[in-house]
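Coordinate inspection notes
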Amino acid sequence: MKKLKVDVAVIGAGTAGLVAYRAAKAQGARTVLIERGVYGTTCARVGCMPSKLLIAAAEAAHMLQLAPQFGVHPGTTRIDGVAVMARVRRERDRFVGFVVEGVDAMPDEDKVRGHARFVDPHTLQVDDHTEIDARRIVIATGSSPTRLPTLENVGPGVITSDDVFYWNDLPRSVAVIGTGVIGLELGQALARLGVRTRVYARGGSVAQLSDPVVLKTASRVLCEELDIHFQSRILKAEQDGDDVVLTTGRHDEAITERFQYVLQAAGRTPNVHGLGLEHAGIALDDSGVPVFDPRTMQCGNSHIFIAGDANQERPVLPEAADHGKIAGDNAGRFPDIRPGLRRAPLTAAFTEPNIVTLGASYKALCAPGKSKFAVGQVSFENQGRSRVMLQNKGMLRVYGEYRTGRFLGAEMIAPRGEHIGHLLAWAVQSRLTVDQMLEMPFYHPVIEEGVRTALRDLAANLAKGESDIDPDSVEPGT
Ligand SMILES: Cc1cc2nc3c(=O)[nH]c(=O)nc-3n(C[C@H](O)[C@H](O)[C@H](O)COP(=O)(O)OP(=O)(O)OC[C@H]3O[C@@H](n4cnc5c(N)ncnc54)[C@H](O)[C@@H]3O)c2cc1C
Ligand SMILES: NC(=O)c1ccc[n+]([C@@H]2O[C@H](COP(=O)([O-])OP(=O)(O)OC[C@H]3O[C@@H](n4cnc5c(N)ncnc54)[C@H](O)[C@@H]3O)[C@@H](O)[C@H]2O)c1
C-alpha cells in the first residue's frame, strides 16, 4: 500500500472539491485531491449545463409553436431528435473539456484516483492502493439521484438524470417521477420537444416553492402545457421489451401505461454513505450527514470540513463553489478558522416561466416564533411587456419586515424570473428597504415594472401596520 502524508486531503473533484483544493493550496498547504469517478463535475457533465442545453432546444421548438399567434407562420416544424441530442452532448463535452483541462494542468502528485473512506479521523484509505495521513480533510463528495424502492431492479427503462444526457436520440415517451426542479425542467423540455411526457407527483409540491399563492399559480400555469398528475403514487413498474409498464394510483384508481423510459427525479441523496464516517470522530445528523457550521464549513471543532451537495445545505452550483472556497481556506489555515462569505439565498428552476426564490422563503418567515411580515404581489397576466411577448403568465410575491420596512425575500413563477431573482437577491443582500427599492430606476416597457407593482403593493401593506399575515394562521407549501 502506498503511503502519503499531507496537510490537506480533499475528497471529490467536483465544483466544491476543485475550489477547495485551490483554496487550500493558496494557503501554502500540501494538498491532494481524491476522485473515484470521471473528472468533469456533475454540473458540467450531467447537471446544470446539459440540462440547460436541452431546455434551449425546447425553447426554440416552443417559439415556433407560439409564432402563429404573432401572425408568423414558420411552416411544418420537424424536430430532429438525433440532432438535438448531438448538440446537447457536443456542447456538454466542450464544457466538460474545460474542467478536465484544468485538472490535467494540476501536478500529478496532487491527484489520487479511487474511492476514499475514513479509517480513523486522520487516515483515509483510497481503494486498496493508497493510505493518506492528512492533518485536515475536506469532504466534497456531492450527491446522487435518489432511487425509489418501487423502481429498483426493474430494467434499463428506469433511469435518472445521469442517463438523459447520454441519449443519442429523443425517446418516444417518458414518465417523470417528481415535480421538483429536475422533474419540471426536464419534463417541460421533453414535452416541448415532442416527447409524450407525463409527470407524476406524490403530493402537490412544485419545485422549490413554499408560498401557497405562488404554488397554486405555478401548478395551474405548468399544467396548461404539461401533463402533470398530482397526488399520484407509484405502485408498480415492469420492463416489457423496450417499454416500462407503469402502474400508478390516484384517487383509489390504478392506471397502467407504457413508457419508453421512467425518469426518477425524486431528489438527490448526499454521498456520505460508504465514506466510513463512523471512523471520522464527528457528529452526524439523522440522515448521516456530518453536523457542520455553515459559516466555516467546519464539522464540530474538528479538522474536518464539508462542502457542496454533500452537506445538503443549499444544493446548487454557486453554493458548492462558495462552500468549497470557505472549506479550502479554513482547511489550509487550520486552526485559524474564519467565517467566509455567504450570500443571500437564490434558486432558479429554468422552467418557462422560471420558478425563483430568494432571500427568506415564505415557509421560513412562517416558522414558529417569527414575527408577522407583510406581503405584496403582482400577477403577470396583465403585465404590459409580458403580454407584448406572449409570456404573460405567473405570480410574484414579495415580503417585507414591519418594524424596519426592510425587504426580506420573494417567491415567483415569472417570465424572465432568473433576472428578476438576481435584482431582488441583490436588494436582500444589500439590506435595502422597500422604499429604497422603489427609489431605483425602472424603464418602460419592461417586466421589472411588474416588480415595481408588487413592491408598491408591499409598501402599502407595510404602511397599514401589522395586520397582513399572521404566520400562525397560514399554511406554507412544501
Ligand atoms: C440535472 C441537474 C441539473 C442541475 N442544474 C443546476 C442549475 O441549473 N443551477 C445550479 O446552480 N445547480 C444545478 N444543479 C445542481 C449542481 O449541479 C450541484 O449543486 C453541484 O454540481 C454540486 O457540486 P459538488 O462539488 O458538491 O458535487 P459533484 O460535482 O457531484 O462532485 C462530487 C465528486 O465527488 C466524487 N466522490 C464521491 N464520493 C467519493 C469518494 N468516496 N471518494 C472519492 N471521490 C468521491 C464524485 O465522483 C464526484 O466527482 C443541477 C443538478 C442536476 C443533477
Ligand atoms: N436549476 C437549478 O438550480 C437546478 C436544476 C436541477 C437540479 N437542481 C438541484 O438538484 C436538486 C435535486 O433535484 P430534484 O428535482 O431531484 O429534487 P427536489 O428535491 O427538487 O424534488 C424532489 C421531487 O421528488 C418527489 N419525491 C420525493 N420522494 C418521492 C417518493 N418517494 N415518491 C415520489 N416522489 C417523490 C418530491 O415530492 C419532489 O417533487 C435540487 O434540490 C436542486 O438543488 C437545481
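Please read all numbers here as calculations on a predicted model, not as lab measurements.

What follows covers the overall build of the protein chain. In terms of helices and strands, the protein chain carries 13 helices and 22 strands. Since a compact globule built from 478 residues should have a radius of gyration of about 23 Å, the 24 Å found for the protein chain is in line with a globular shape. Referenced to the eigenvectors of the C-alpha coordinate spread, the extents of the protein chain come out at roughly 70 × 65 × 45 Å. Out of the 478 residues in the protein chain, the part that is buried amounts to 45%. Nonlocal contacts in the protein chain, meaning residues at least 24 apart in sequence, comprise 69% of its contacts between residues at least 6 apart.

This brings us to the domain arrangement of the protein chain. By a frequent convention, interface size equals the accessible area lost on bringing the separate parts together. Here the protein chain is described as being made up of domain 1 (2–145 + 269–333), domain 2 (149–266) and domain 3 (346–463). Here the C-alpha centre of domain 3 lies 31 Å away from the C-alpha centre of domain 1. At the junction of the two partners, domain 1 supplies six residues and domain 3 supplies four residues. When the residues that make up the side of domain 1 that touches domain 3 are grouped by side-chain class, the tally is three nonpolar, one polar and two charged.

Turning our eyes to something else, we now look at the site of ligand 2. In the vicinity of ligand 2, 23 residues are found, and the nearest of them are Gly-178, Gly-180, Ile-182, Ala-266 and Pro-315. Only helix H6 (181–192) and strand S18 (346–349) provide two or more residues apiece to the shell around ligand 2. Broken down by element, the shell around ligand 2 gets its largest block of residues, four residues, from H6. Class assignment of the residues belonging to the shell around ligand 2 gives a composition of twelve nonpolar, eight polar and three charged.

With respect to spatial proximity, 34 residues lie near ligand 1, and among them Gly-12, Gly-14, Gly-47, Gly-142 and Gly-308 are the closest. Taken together, the elements giving at least two residues each to the shell around ligand 1 come down to helix H1 (15–26), strand S2 (31–35), helix H2 (42–46), helix H3 (48–66) and helix H8 (317–333). When grouped by side-chain class, the residues that make up the shell around ligand 1 number 16 nonpolar, 15 polar and three charged.

Our next topic: the nonpolar core. Core analysis: the largest hydrophobic core is formed by 91 residues, its most contacted members being Val-262 and Leu-263. Among the elements that line this core, the one with the most residues is H6, at seven residues. Residues within four places of Val-262 in sequence aside, it is in contact with Leu-151, Gly-157, Val-158, Ala-175, Ile-177, Ala-237, Val-244 and Leu-246. Grouped together as the second largest cluster of nonpolar side chains are 46 residues, Ala-20, Phe-118, Ala-140 and Cys-299 included.

Let us look at the sheet that holds strand S12 (residues 233–240). Spatially, three strands are ordered S12-S13-S14 in an open sheet, and the strand pairing comes out antiparallel. Of all strands in the sheet, those bounded by a partner on one side alone are S12 and strand S14 (253–259). Neighbour-to-neighbour, the strand axes of the sheet open up by a mean angle of 20°, direction not taken into account. Summarising the sheet, S12 and strand S13 (residues 243–250) pair through seven bridges and their orientation is antiparallel. Bridge pairing in S13 places Asp-240 opposite Asp-243.

Here, the residues flagged by UniProt with the feature "active site" (unreviewed entry) are His-444. Structurally, the position occupied by His-444 is in the loop between helix H12 (434–438) and helix H13 (448–463).

Moving on: the UniProt feature "domain: FAD/NAD(P)-binding" (unreviewed entry) in the protein chain. UniProt feature "domain: FAD/NAD(P)-binding" (unreviewed entry): in the numbering of this structure it lies at residues 7–319. As annotated, residues 7–319 has a helix share of 30% and a strand share of 27%, and its two end C-alpha atoms lie 25 Å apart.

Let us now look at helix H4 (residues 81–104). With 24 residues, H4 extends 33 Å between its outermost C-alpha atoms, agreeing within 8% with the 34 Å of an ideal straight helix rising 1.5 Å per residue. What H4 keeps buried is the set Val-84, Met-85, Val-88, Arg-92 and Val-96. Of the surrounding elements, those touching the buried residues of H4 are H2 and H3.

Let's shift gears to the sheet that holds strand S10 (residues 196–200). Across the sheet, which stays open at both edges, the five strands sit in the order S8-S15-S9-S10-S11 with parallel pairing between neighbours. What marks the edges here is a single partner per strand, and that holds for strand S8 (158–160) and strand S11 (228–229). Sheet analysis places S8 next to strand S15 (residues 261–264), joined by three bridges and oriented parallel. Bridge pairing in S15 links Ile-159 to Leu-263.

Each value, and the rule that gives it
- Residues numbered from 1 in each chain as written.
- Chains lettered and ligands numbered in written order.
- Predicted model: local features only at pLDDT ≥ 70, side-chain atom pairs only at ≥ 80, totals over all residues.
- Helix = DSSP H or I, 4+ residues; strand = E, 2+ residues; numbered from the N terminus.
- Rg over C-alpha atoms; globule rule 2.2 N^0.38 Å.
- Buried ≥ 20, exposed ≤ 12 C-beta atoms within 10 Å, placed from the backbone.
- Contact = placed C-beta atoms within 7 Å.
- Domains from an automatic or database assignment.
- Nonpolar A, V, L, I, M, F, W, Y, C, P; charged D, E, K, R; others polar.
- Near = placed C-beta within 6 Å.
- Core = buried A, V, L, I, M, F, W, Y, C linked by C-beta atoms within 7 Å.
- Pairing = 2+ DSSP bridges.
- Axes fitted to C-alpha atoms, helices over the stretch in contact; angles between N-to-C directions.
- UniProt positions renumbered as here; feature names shortened; annotations may be inferred.
- Expected span 1.5 Å × (residues − 1).

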